[in-house]
Structure formats: structure tokens, C-alpha cells
Amino acid sequence: MQTNDIIKDISFLYELSLSIGQSLDLKENCRRFLDTLMSIKNIEFGGVWIRNSYISFTEQEHGLKAVYSHPIIKLENCSICNSNFIDRCFASQNSFSCILTQKISNEIGFKVKEGGAITFFQLREIGFLVLYSSSEKRIWSQIDQTKLKNILDKFSVSIQACISHTTSVQDLITITETKKELEKAKKEAEESEKLKSAFLSNISHEIRTPINAMVGFSNLLSDNNLNKNQRDGFINHISDNGKKLLKLINNLIDVSKMETNQLAIQKENFVLNPIITDLYKVFETSHRLNKSLELRLVLPKNSEEFSINSDKNKIVQILENLIDNAIKFTTKGIIEIGYFIEDKTNPIFYIKDTGIGISSENQHVIFDLFRQGESSSTRKFEGSGIGLTLCKKMVQLLEGEIWFDSKIEIGSNFYFKVHNLGQSNLKLLRESSDKFECRIEGSGVKSIDYTNRNILIAEDVKSNFNYLNAIIELTDANVIWARNGRDAIEICQANDPQIDLVLMDMRMPEIGGLDAIKQIKAINNRIPVIVQTAFTFNNEKEECFKAGANEFITKPIDPHKLMEVLQKFL
């Protein structure tokens, strides 16, 4: 061998050795080695296969996987499921070079089926390396293969180091994640134990309190010197505490049924107004002495015969718990009980109060079992902490949903609806034209003829749009529906047809109501924009007017109030 060739080989092997172990990342390590080898030897394809048994967190126990190849387009399949062929090839040799055959190509998933020179080098027991050239003259001689033996041994060691590093990192990640999960589980378990302990302590207090009153007043009744008024008063105390205890026991039984999925429903047809009215009378009578708190009942007009098909007892229980909560947390102001009708058949029940409200920190847990706004021994409000949990579970059993909005020191509004099986005998606003005209005249509206007027309703909830549309269509106005704020802006911008008034919801996808009002007013400040929303906080109302709104009406929307607003701006 000539001196120049020896120098070239030494230089090549030295440069190749420098490319080994430059990274603990397996792919990066293989890339640097192969790129150096391929660039010096003008090789067209190179790849490294590793046995799956050495690869961490793989589902495959047998076979091999190409962890790096260049160019990757040369491979049809990166996996070798059966390694028998490779094992036989390396049974008596560490490397070999030959003309590529279709059998070899199929075994390693190579796209080139035949022709050219392919060379295999064993990487100890962990896998192998492949080099390919399209020229059959590039078959490596035994001498050339031997020259690479020491370098490839070092490369094999570097690959093992990469695999060990990856395994260690993965193990560390797994240990860290497991530790975090254990800490989270421990924290949740401790929190659950605290909640259960607080719940049991609270329940003990809630049960003993009425029992103590019942036993105490029962003993006092044995006094023969009591006059009739005193005796009647003691009997009332016993009766009231007995009802309170019975309600608590019924809730506890329902919680037990709920936990074992035995809380059944029994649907029937019933007229809605009597049960709402009876509930109102019961609560109104029991809290009549509190002159600073007003209970208000609001029922839809002409809803005397409105009936639904549902579980009457469950709806009563839901309403009782929600009204109880409202009264418990409202010392003065107004509690409004009622419902409005969606799509002419589906009642949306609501209980609004001007109480202490729910802090943002507690809003996400108020429906959880064993949760209360406060659970310390100095808490101001009594209660078991299971009422809202039962409400949510019962609403879900009735295939409905429950939601709320609340703000500290302003109040809370709770809403719920059940599966839409309403059987309505109510014809919203229109039993007859004469009666409708009378009601409109009584509300002070002089005209309801809005022919050729275009009213845009921006509302993402279809049922809410249908309700507004049912009212407005009686005026012969043309109603246009925008499903979000962006659509509303684009319709006003196109001005085809020309919009005469916009009814704008606040909570919508794409663009919210506030931003939509600002942009519509920027397009045409003369278009009246009426905000219609379920949120009634003062700050939101001020923000709407600052954005350019002309009027503000709250849900549930009274048809006559809506007509008055339309008359004001059209």
C-alpha cells in the first residue's frame, strides 16, 4: 500500500472516530457518525438498526428498528419483525459485503430491490449498520471491512451509552411523574378525609340541633301550668324542627342512592304553576317575619295550564334546595322564584337572590359532594353541604342541565332545565289577535306593525333565538339570525339588507357582545343596539352602555318589555 493511501486511511479513521459520542441523543449520535462516513466514502445510503429489546418503552419485544437512516425515503419499512435472516448472516462473521438481492432488500424493507453493493456491519449484540451504493463495483473488500472494526466497536459503545442515558432519563421522568401522581393522590385523599370529617361533624350538628329542640319542647309540654299560646308555640317548634330533620334525612337517603346509582325517576304529566305557587307560599309564610327580605314569584303570562312530563317530586326537591340556599345566604333584598318558557314547551327554572354571592375560588366546587362555602367551626350559615350536589345529580337524571352566575356581595342566579318533554297548552303571546292586542295596549305600546323593518338577533343558543323570533314575528318584521358576534358585525357591515335594530347577546363564540357592539357602532352609529343577557351585574350594564348600547334588558325576557323597547327605537 502506498504511503498516500495509508495517510488517507489514517486521516479517515481519525475523523470518523472524532464523530463518535458527540451527543447522548441516539439519533443525533448515529447521524453524525453516518454523515461523516458517507461523505468520505461517497455512500448513497446509510442506516442503523437496533434490536427492540434494547429500546426503552417499546411495545415490540423481538425484531429490530431503524433508529436512523439517510435518506429516509430509501426505506419502505423501518421495522424488521423477524430477525432470523440477520442472525444467520452474522452467525459466523461480523461484517459482509455483496450485491443487493431482492431477498436482502425485502428483509430490511429497502426500496431498491436489486443491484448495487450493500455492506452490513454488526454492532456487537445490539444491532447492525448498513451502507449502500448503486455501483456494484463499490463492494467493500475484507480488508476495508476490517479497517472499520475498531471504530465500529467504539460506535457500538456510544450507542449503548445513548440507550442507557435515554433509559435513565425516561426512568427519571417516570419516577418524577409517579411521585407527582402519588403526591396528588395523597393530597386528594387527605382533602377527601378532611371533607368527610367536616361533613360528618356538620351532619352530626345538623341532626342533633332539631332533635334537641324536639326533645326539649316535648319535655316542656308536660308542664301543666302552660297556657294555650305557650303550648301552641312549643308544638309549632316541634313540628318545624321535625320537618327540618325529615328533609335532612331524605337528602341523606338520596345521597346514598345517588352513590349506588339507585336514584330512580318517575315521570308523569302535571301542571307546573300549582307546584311553583305552593312552594312559594310555603317559603313566603315561613319567612314572613323577616321584613328585610322579599320573596317574589314570577310566572309566564297565560301559563295556568302549562304542563310538562317529568318527575314532579324531583323538580320540587331541586327547587326546595335552591330556594333554601337562596334564603340561607340572603339576609336582605329580594329572592325571585320562577320560570320562563323556551321554544314554547321547555321551562327554564330560576332562583335569583341578592345574597352574599359565591367567590370565584369556590365556584368550581359548589356542586361537589361534602363541599360548602365555609366549613370551619365559626361558619355563619347552617346546612349539610349536600343540597347542590343532589340538585345537579337530579337534573342530570332528568336529562337536563344546571348552571349559575354569581358575584360576591351582589348575589347569585341559579338556572336549571330538564329534558324537553314539555306538553304546552300555552300559546306564547297569541291565543288570539284580540287578546294579544289588549296586552300590548296595556303595556303602553302604540303600534306593532314593523313591516319592512329588519331586526338582527345576535344569539348563539338556537332556543333563545327561537323565543325572540316567536315574539318579533308577530310584528311582521324581518328577522335575521347571527350565531355569533363576528356574523353580526359582517351583516351590519354588508348593509344588505339594511339593519334597523340589533338584539345583542353578551356571551357568544368568535367575538363577544361587547366587542361586537363597538365594531357595529363604528360601522354605523345610528343602528340601535339592545343588549339581551342573563347576566345582571351592574358593572356589566355600565360596560355595555360605554361600548355604545342603547338599551339593556335581562333574561328571562318579558315579551311586553321587549315590545316596549322595540317601540322606543323603531
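Quick caveat, the model's predicted, so the values are computed rather than measured.

Engineer: Go over the overall build of the chain with me, naming the residues and quoting the values.
Structural biologist: Regarding its fold elements, the chain presents 16 helices and 19 strands. The buried share of the chain, reckoned over its 570 residues, is 43%. The contacts in the chain between residues at least 6 apart in sequence include a share of 65% that link residues at least 24 apart. Put simply, the chain shows about 30700 Å² of open surface, and 49% of that area lies on carbon and sulfur atoms.

Engineer: Any details on the packing of helix α12 (residues 462-472) against helix α16 (residues 559-569)? Residues and values, ideally.
Structural biologist: Taken N-terminus to C-terminus, the directions of α12 and α16 make an angle of 65°; their axes are 10 Å apart at the nearest point. Where α12 crosses over α16, the handedness of that crossing is right-handed. Mapping the contact onto sequence places Y467, L468, I471 and I472 in α12 and P559, L562, M563 and L566 in α16. Partitioned by chemical class, the residues of the contact of α12 with α16 number eight nonpolar, no polar and no charged.

Engineer: Would you mind going over the pattern of salt bridges in detail, with residue names and values included?
Structural biologist: One pass over the full model with this rule turns up 16 salt bridges. Residue K147 is joined to D144 by a salt bridge in which the shortest nitrogen-to-oxygen separation is 3.8 Å. Here D144 and K147 lie together in helix α5 (residues 142-147), a separation of three residues that amounts to about one turn. Looking at K147, the relative accessible area reads 27%, which means it is partly exposed. On the accessibility criterion, D144 (28% relative accessible area) is partly exposed. As a salt-bridge pair, R486 and E510 come within 3.1 Å of each other at their nearest N and O atoms. Placement of R486 in helix α13 (residues 485-494) and of E510 in the loop between β17 (501-504) and α14 (513-523) is noted, with a sequence separation of 24 residues between them. R486 sits in the partly exposed class, given a relative accessible area of 37%. Connected through salt bridges with shared partners, the residues E28, R31, R32 and D35 form a single ionic network.

Engineer: Tell me about the sheet that holds strand β2 (residues 64-70), and name the residues and values.
Structural biologist: Strands sit in the order β3-β2-β1-β6-β5-β4 across an open sheet of six strands; the sheet is antiparallel. Of all the strands in the sheet, just β3 (79-80) and β4 (95-99) have a single pairing partner and so form its edges. Summarising the sheet, strand β1 (residues 45-51) and strand β6 (residues 127-133) pair through six bridges and their orientation is antiparallel. Residue pairing in the sheet places F45 in a bridge with Y132 of β6. Its contacts with the sheet put helix α2 (residues 26-41) on β1, β2 and β6, and the angle it makes with β2 is roughly 50°.

Engineer: Tell me about unusual backbone geometry, and name the residues and values.
Structural biologist: The peptide bond linking H70 to P71 adopts the cis configuration, its omega dihedral lying at -5°. The step from D496 to P497 runs through a cis peptide bond, and the omega angle for that step is 5°. One can find P497 in the loop between α13 and β17. In this model, N302 sits at a positive phi of 55°, which is unusual for a non-glycine residue. With respect to the element layout, N302 can be found in the loop between β8 (293-298) and β9 (307-310). When its relative accessible area of 33% is taken as the criterion, N302 is described as partly exposed. One non-glycine residue, E399, lies in positive phi territory at about 60°. Summarising the element assignment, E399 is placed in the loop between α10 (387-397) and β12 (401-407).

Engineer: So what's going on with the side chain of S23? Residues and values would help.
Structural biologist: With respect to the element layout, S23 can be found in the loop between α1 (3-18) and α2. Engagement of the side chain of S23 in a polar contact is seen with the backbone nitrogen of D25, the distance being 3.0 Å. With near-sequence residues (within four places) excluded, S23 lies in contact with E28, N29 and C162.

Engineer: Account for the sheet that holds β8, with residues named and values stated.
Structural biologist: Two orientations exist for strands paired in a sheet by backbone hydrogen bonds: parallel and antiparallel. Taken in spatial order, the five strands make up an open sheet running β8-β10-β11-β13-β12, and their pairing is mixed. Edge positions in the sheet fall to β8 and β12, since each has one partner strand and no second. With strand direction ignored, the average angle separating the axes of adjacent strands in the sheet is 10°. Each of β8, β10 (333-342), β11 (346-353) and β13 (411-417) touches helix α9 (residues 312-328); the most contacted strand, β11, lies at about 20° to it. Each of β12 and β13 touches α10; the most contacted strand, β12, lies at about 140° to it.

So, how was this worked out
- Residues numbered from 1 in each chain as written.
- Predicted model: local features only at pLDDT ≥ 70, side-chain atom pairs only at ≥ 80, totals over all residues.
- Heavy atoms only, no water.
- Helix = DSSP H or I, 4+ residues; strand = E, 2+ residues; numbered from the N terminus.
- Buried < 20%, exposed > 50% of the residue type's maximum accessible area, 1.4 Å probe, protein only.
- Contact = heavy atoms within 4.5 Å.
- Areas by Shrake-Rupley, 256 points an atom, 1.4 Å probe, with all protein chains shown as cover.
- Axes fitted to C-alpha atoms, helices over the stretch in contact; angles between N-to-C directions.
- Left-handed = near helix turned anticlockwise from the far one by under 90°.
- Nonpolar A, V, L, I, M, F, W, Y, C, P; charged D, E, K, R; others polar.
- Salt bridge = Lys/Arg side-chain N within 4 Å of Asp/Glu carboxyl O.
- Pairing = 2+ DSSP bridges.
- Polar contact = N/O pair within 3.5 Å; in protein donor to acceptor, adjacent residues only side chain to side chain.

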